[in-house]
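What the coordinates show
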Amino acid sequence: MKTLESRAQIALKNILFATDFEVSASRALPFAVALAKRYGAKLYAVHVIPPEAYALASPESASRVLAEAGDFAGYSLNQLVGPLRSHGLSCDTLLGEGNVAEVIQKFAEERAADLLVVGTSSRMGWGKVFLGSVAEEIIRESPCPVLAVGPHVTTLASDGIRSVVCATDLSDASARATQFAISLADEYQAHLTFVHVSHGIPRDSLNLTIQVIEKRILETIPPEPELPYRPEIVVETGSVADRILNLATDLSTDIIVMGAHGVGSFAETASHFGSIAHKVISLAPCPVLTASDVHEAEQK
């Protein structure tokens, strides 16, 4: 895992909030708003009309159905951002049609988004999508980090961020996540805990292995910014997702930050952090921010 630049501060200037107008999205909105206010960012409320919305319409009525869906979505987006604007938040709406992940990615690139916020659910609406192929595609291909607010989130956006858990597998994919975790801890003057989970460490080399892992993590932490609290480092063995979730619960964590590999990040047969991120997002008691190393490399 590479060493970070000396300055890890992250600037959030443009935040995209993707909504399907379901309950899962409404739970995510306060987090998008809170971050936009904190960083003085512009907030974009985004809705994409998928092909399924008019797939069953006859060729003669397809254009009418699409127009009606667009009218409803446009009205709903304006209803959503109206109160935010009245409270002084800079925000706008974006309405698209087509493949959800591809259109959101296009919007994110066009608006130079620094963060994409989505809500996930295990029941209906985009829930099936965001916990399935579209979520995987969005997190894997998004040109910016993604903050996912899952169905089991109990933390409140209004409480701010007091505790950050950064899950690292010591790969380059975790470097961008580490940068975000440090920046958030600096911005909010929060406690920061790094966690690394191995499937198994030989008992006769347990202490030495833990020392090596701790040293590697410490080497990635830049001298600036000067954090308010010394970062804690937790090294454990066992089920990776379960350990991350248990630690987040024990620490009353406000946000989990973790890397997402650029290829096959959610495939069961993919590398270490793939399907793990899917489980963490699905069950986490707080929002989960995933950051990919792929887009960082593309921008260089």
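What comes next concerns the included structure. (Residues numbered from 1 in each chain as written. Predicted model: local features only at pLDDT ≥ 70, side-chain atom pairs only at ≥ 80, totals over all residues. Heavy atoms only, no water.)

Position of S24 among the secondary structure elements: in helix α1 (residues 23–39). Residue contacts for S24: discarding those within four places in its chain leaves G119, T120 and S121. (Helix = DSSP H or I, 4+ residues; strand = E, 2+ residues; numbered from the N terminus. Contact = heavy atoms within 4.5 Å.)

So, about the pairing of strand β10 (residues 288–292). Taking burial as the measure, the five residues of β10 include five buried ones, the bulk of the element. Inspection of the sheet shows strand β5 (residues 146–149) paired to β10 by three bridges, in the antiparallel sense. Counted as the bridge partner of A148 is V288 from β10. (Buried < 20%, exposed > 50% of the residue type's maximum accessible area, 1.4 Å probe, protein only. Pairing = 2+ DSSP bridges.)

The next thing to look at is the packing of aromatic side chains. This model, assessed by the stated rule, comprises one aromatic pair. With a centroid separation of 6.1 Å and an interplanar angle of 85°, the aromatic rings of F21 and F72 are classed as edge-to-face. One end of the pair, F21, is in the loop between β1 (14–18) and α1; the other, F72, is in helix α2 (residues 62–86), and 51 residues separate them in sequence. Judged by relative accessible area, F72 falls into the exposed class, the value being 52%. Directly above the ring of Y188 sits R38, whose terminal nitrogen or CZ lies 4.3 Å from the centroid. (Phe/Tyr/Trp six-rings, centres within 6.5 Å; stacked < 30°, edge-to-face > 60°. Lys NZ or Arg CZ within 6 Å of the ring centre and 35° of its normal.)

A few words now on the nonpolar core. Grouped together as the largest cluster of nonpolar side chains are 52 residues, with contacts concentrated most on I15, F17, L43, V164, L192 and V257. Top contributing element to this core by residue count: α1, with nine residues. Contact partners of F17, with chain neighbours within four places excluded, come to A25, A28, L29, A32, L43, Y44, A45, V46, L80 and V117. Formed by 41 residues, the second largest nonpolar core is a distinct cluster that contains V103, I139, V146 and C286. (Core = buried A, V, L, I, M, F, W, Y, C linked by side-chain atoms within 4.5 Å.)

One open sheet holds the 10 strands; their spatial order is β3-β2-β1-β4-β5-β10-β9-β6-β7-β8, and the pairing between them is mixed. Because the sheet does not close on itself, it has two edges, and the strands there are β3 (91–97) and β8 (232–237). Ignoring which end each strand starts from, the neighbouring axes of this sheet average 25° apart. Relative to strand β2 (residues 42–49), β1 runs parallel, the two sharing five bridges. Its bridge partner lying in β2, N14 is registered against K42. Against the sheet, α2 touches β1, β2 and β3, its axis set at about 165° to β3. Those strands touched by helix α6 (residues 173–188) are β6 (163–167), β7 (191–198), β9 (255–260) and β10, and its axis lies near 155° from that of β9. (Axes fitted to C-alpha atoms, helices over the stretch in contact; angles between N-to-C directions.)

Right, let's get into the packing of α1 against α6. Following both chains from N to C, one finds α1 and α6 inclined at 70°, their axes separated by 12 Å at the closest point. With respect to each other, α1 and α6 are oriented roughly perpendicular. Regarding α1 and α6, the two cross each other, and that crossing is left-handed. Each of L35, R38 and Y39 in α1 lies in contact with α6, whose residues at this interface are L184, E187 and Y188. Classifying every residue of the contact of α1 with α6 gives four nonpolar, no polar and two charged. (Parallel < 35°, antiparallel > 145°, perpendicular 65-115°, else oblique. Left-handed = near helix turned anticlockwise from the far one by under 90°. Nonpolar A, V, L, I, M, F, W, Y, C, P; charged D, E, K, R; others polar.)

Bringing unusual backbone geometry into the picture now. Backbone geometry places Q189, a non-glycine residue, at a positive phi of 55°. With respect to the helices and strands, Q189 occurs in the loop between α6 and β7. One non-glycine residue, S252, lies in the positive phi region at around 50°. When you line up the elements, S252 lands in the loop between α8 (240–250) and β9.

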